[in-house]
Each structure stands twice: as structure tokens, then as C-alpha cells.
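Chains, contacts and geometry: an overview
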Amino acid sequence: MNSWTSNVAYFATRHRRTTTGTTADIDTAMRRHRVVVIGSGFGGLYATTALRRADVDVTMIAKTTHHVFQPLLYQVATGILSVGDVAPATRDVLSRQRNARVLLGEVNAIDLAARTVTSHVQGRSKVASYDSLIVAAGAEQSYFGHDAFASFAPGMKSIDDALELRGRIFGAFELAELEAAHGNEFAHLLTFVVVGGGPTGVEMAGQVAELTRRTLRRDFRMIDTAQARVLLVDVAHQLLPSFEPRLGQKARRALERLGVEIRLRTTVVDVDHAGIVLQLEDGTHEHIASATKIWAAGVQASPLSHVLAKESGALLDRAGRIEVNPDLTLPGHPEVFVVGDMISRPDLPGVAQVAIQTGKFAAHEIERRVRRRPPQPPFRYRDLGSMAIVGRFQAVAEISSMRFTGVVGWLMWLGLHLVYLTGHRNKPSALLHWTVSFLGRGRPERTVTEHQGLARLPVATPSPTRTQG
Ligand SMILES: Cc1cc2nc3c(=O)[nH]c(=O)nc-3n(C[C@H](O)[C@H](O)[C@H](O)COP(=O)(O)OP(=O)(O)OC[C@H]3O[C@@H](n4cnc5c(N)ncnc54)[C@H](O)[C@@H]3O)c2cc1C
């Protein structure tokens, strides 16, 4: 059955149910169509807002109280932006949308037969019934089977991750200053290793290098922060493999000018408290003593994809993403849409625009069905281009056949992020923070609390040379 005929069958079934005349059926006919959206990321939020004029009741269930603008998490970690700039409260964003309500909870069960979603928060569980379901639970960090690396090399998927990294990065300089004052070895505290040469790794390495070379130089008395090492490691043979090779080379040269050591064709084989072990192209191993390791190397779909696959028989790819119908519905379930990072389709990269466009598509399809309109043509992704910021006034951008680098690329990056940053109040605040960081040398958001990563950084073992004061 193709998706149009299956959709017709789905609505015909609903119609039959409402004409048989049981109390439950009459109840179904009286109430509005219920849409449950799982996730408040790009897919979930854009799907919900696209339903604002539809004759439906939307319940968004997400495990955080906020939306996260993930592409800018590295700027929270490196002190450029505040948490509020990139993570507005979902409840606030949706406060004017009368047909939407927000529920905090982690969904761990979806019953496709009963059309219910079960979520939990602090031991309480909640069952929500749906007529249409949009699953937008995104992806998690992948350590490619080495989950033990996670505690030594945090990834960057959430606000907690970004704040933990902020604590580790700024904390490392503090500890190095103390060790230097005691005459102890501190090189490992000033060695930062970023794993992953995609946009996130490139942006992160560039910003850590700028911190060490520009921002912090005048702030310490015992250490010269410019002596810090920043390494960027990737198994690929070029940086930014999803971009044209020329842009990868430009990014490489810009990072090298900032002092970043680029290690390509290099595999991470071990990570622990004290450092990282690299396997070089010739098969030899190198141990790098480093307190701060940052993982920006891979993602895998939310575990909810396994729940859906088990219930429906849908196929998953190696990253756990679901193969969906051309209209983004789950095979055999025209009432269930999967959007964003959870979809497996060769033409759909794991980027924000895919989540935004698939979320909107699912919402429009539901609205059309409620209004008994024919379906849209199958989903087609409109590629708006890719960009990555390398450093201050340095970015690479690829938009259809055009390539931009340097200041022009950077201005495009700035404009695009201002347009897409969620929440009107955040935009002036982010612009102010960018002015302070990029025009000046400051980093306005350097606050580190005790809960953040400082305690997890390895300090040198106490030695007899240590002195008081
Ligand atoms: C560090 C980083 C940098 C990036 N940079 C870029 C970039 O420069 N450009 C670009 O286009 N893309 C970038 N991306 C990718 C982009 O952010 C993702 O493709 C996009 O966020 C996917 O949207 P999504 O809605 O599918 O998932 P997400 O945005 O991840 O949202 C998933 C939502 O589901 C919720 N959730 C998950 N599991 C459950 C559950 N069981 N129950 C309830 N709620 C749940 C989460 O809390 C979250 O609200 C970056 C990603 C990262 C991590």
C-alpha cells in the first residue's frame, strides 16, 4: 500500500469508528485531533509551531524544559554565549500558542496499537494518547562502542555537556596556574584535544585556540596561556569532510594560523583520566597527556528508534536511524511521523535544516489530513548550504555552487544564526555577546560553578616539591 492509500485507509478507519455509535466513538468524534510531539529540538519545535493554526490539540513532551540551539553549544562551552542565549524555555516560546501544551518527561514507551506514549519524570509516569504522533527525539553522542570514553571526553549534545566542558576548559587554566605556583608539572593541564574534524570539532578547536592566544593571555600571572597545545584529531584525510576539499584546506590553514595542531588519518584508541592514545597512520601509537578531551566525533539516533523499530518492524541503519516512507511516516503507521536526526535517508544529513523542514512537513501533512485535503508530494529536502566558523572573522560557507571564506563567510554565518536563533529576546543578547567576544578579546560568560567539571580534572599527584601558599 502506498502512503496516500494507507492514509486514506487510516482516515476511513477513523470514520468507521465514529459511525458505529459507541460512547468512546462519539467522544472521539466530538474532540479535536490530538497530536503528540516527542522532543523540543529543531524538529519538535518547528512541527509544533507549524500546527499553531490547525484545528488540533498539540502536546509536546520533552526531557528538558528548554529548546537547545545545538550548533552554538560550543560557544557556551568557550564562554562566548550564555545558556539563555541558546536554550530558551520551551514553555515561554510556546506561551502564545493556545493549542499547544508542554509536558516535561522522558518518553520510554510508545504503544503503536493503543496509540499511547508513556513518559516519566522523577518516578511519575504519564500516558498520553494521540491520533497523530511526531517523533523528534534526535540523536545522542556516539563513542563508536567505547562508551567508557564518555566520562573522560564529554561530548556536546546538551546544555549540561556545554557547561561541563566550560568548567573543564576554564578550570584547566586555573589548576595550571596553581601547579605553576607550586613548581609542579602542568603541561597536561594546558593540552586540549578535540576529537572530530567536522564543523563542531573545527569550531571548538578554533575557539579554544582563540581563548589561549587572545582572551586569557593577560589574566594569569604564572602561566603563559599562549603556550597551550590544542590538537584536532580525525581519522579522515581532510577537515570538514562534508564540505568541498578546498574549504577543508582553507579551514585547516586558518586553524594552523591560530596554532592548532591538526592530526588527520589518526584514530583514537584509548581515552582515560590522564590523556588520550592515538593510533597514527603508520600503525604506531602516541600517548598525549591531556586533562581536557572533547568528543565531537559521532552521533547515534535516540534509543526511541529501537522502540519504534521493535513495534513496527521498521529498519534501522548502523547509526540507529529509522527508514521511513517518502512522506516521513513509519512503515505501516501513517499516523506516526519520524523527523530530524532520527531519519535514515541518503539525501538527509544530520543537520538543523533537515529537522526544521521535516518537522514542518509532518505538521502540514497532519493539518491537511484533518482538513480532508489531499496529501503533499513526498518530502524533498531543500539544501540551504553549510557553514562553519573557524575563528574570529573566519568562516567557510557552501551555498549551492557558491563558496565563501574569510570575513564574507563569517558575516554570512552571523546573519544566518541571528535569523534562526530561537526566541526574539535572545537575539539582541547573543549579538551583544558576539560583539564583546569578536570585536574585543573578552569572553563574557566564564562563570564556572562547583557542579561543573573542575572536580573531574586530573591534578598532579602531590609531590614533596609542593609548597604552601
Ligand atoms: C554540537 C553540535 C553542533 C551542531 N552544529 C550544526 C551546525 O552548525 N549546523 C547544522 O545545521 N546542524 C548542526 N548540528 C546538528 C543539529 O543540531 C541537529 O541536526 C538538530 O538538532 C536535529 O534536530 P532534532 O529535532 O532531530 O533533534 P534535537 O535537536 O537533538 O532534539 C531532540 C529533542 O528530543 C528530546 N528527547 C530526546 N529523547 C527523548 C525522550 N526519550 N523523551 C523525551 N524527549 C526526548 C531532547 O531533549 C530534545 O529536546 C549540530 C549538532 C551538535 C550536537
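Scoring rules and cut-offs
Residues numbered from 1 in each chain as written. Predicted model: local features only at pLDDT ≥ 70, side-chain atom pairs only at ≥ 80, totals over all residues. Heavy atoms only, no water. Core = buried A, V, L, I, M, F, W, Y, C linked by side-chain atoms within 4.5 Å. Buried < 20%, exposed > 50% of the residue type's maximum accessible area, 1.4 Å probe, protein only. Pairing = 2+ DSSP bridges. Helix = DSSP H or I, 4+ residues; strand = E, 2+ residues; numbered from the N terminus. Axes fitted to C-alpha atoms, helices over the stretch in contact; angles between N-to-C directions. Contact = heavy atoms within 4.5 Å. Right-handed = clockwise from strand over helix to strand, strands pointing away.

In this section: the nonpolar core. Within the largest apolar cluster, 70 residues are counted, with the highest numbers of intra-cluster contacts made by Met 204, Leu 232, Leu 255, Trp 413 and Trp 434. Counting residues in each nonpolar core, the second largest holds 44 residues, with Val 35, Ala 136, Ala 314 and Val 336 among its members.

Further remarks concern the sheet that holds strand β20 (residues 394-399). Read from one edge of the open sheet, three strands run β19-β20-β21, paired in antiparallel fashion. Looking at strand neighbours, the two that pair on one side only are β19 (386-391) and β21 (402-404), the edges of this open sheet. Adjacent strand axes in the sheet meet at a mean angle of 10°, parallel and antiparallel pairs treated alike. By the bridge criterion, five bridges tie β19 to β20 in an arrangement that is antiparallel. Paired with Ile 389 across the bridge in β20 is Ala 395. Contacts from helix α9 (residues 245-257) reach β19, β20 and β21, with the element oriented near 170° to β20.

For the rest of this paragraph, the subject is the pairing of strand β2 (residues 56-62). Within β2, six of the seven residues are buried, which leaves it mostly tucked inside the rest of the structure. Note: strand β1 (residues 33-38) against β2, six bridges, orientation parallel. Its bridge partner being in β2, Val 36 is matched across the sheet by Thr 59. On the question of chirality, the crossover connecting β1 to the parallel β2 by way of helix α3 (residues 42-50) is right-handed.

Bear in mind that shape data such as this cannot, by itself, settle questions of function.
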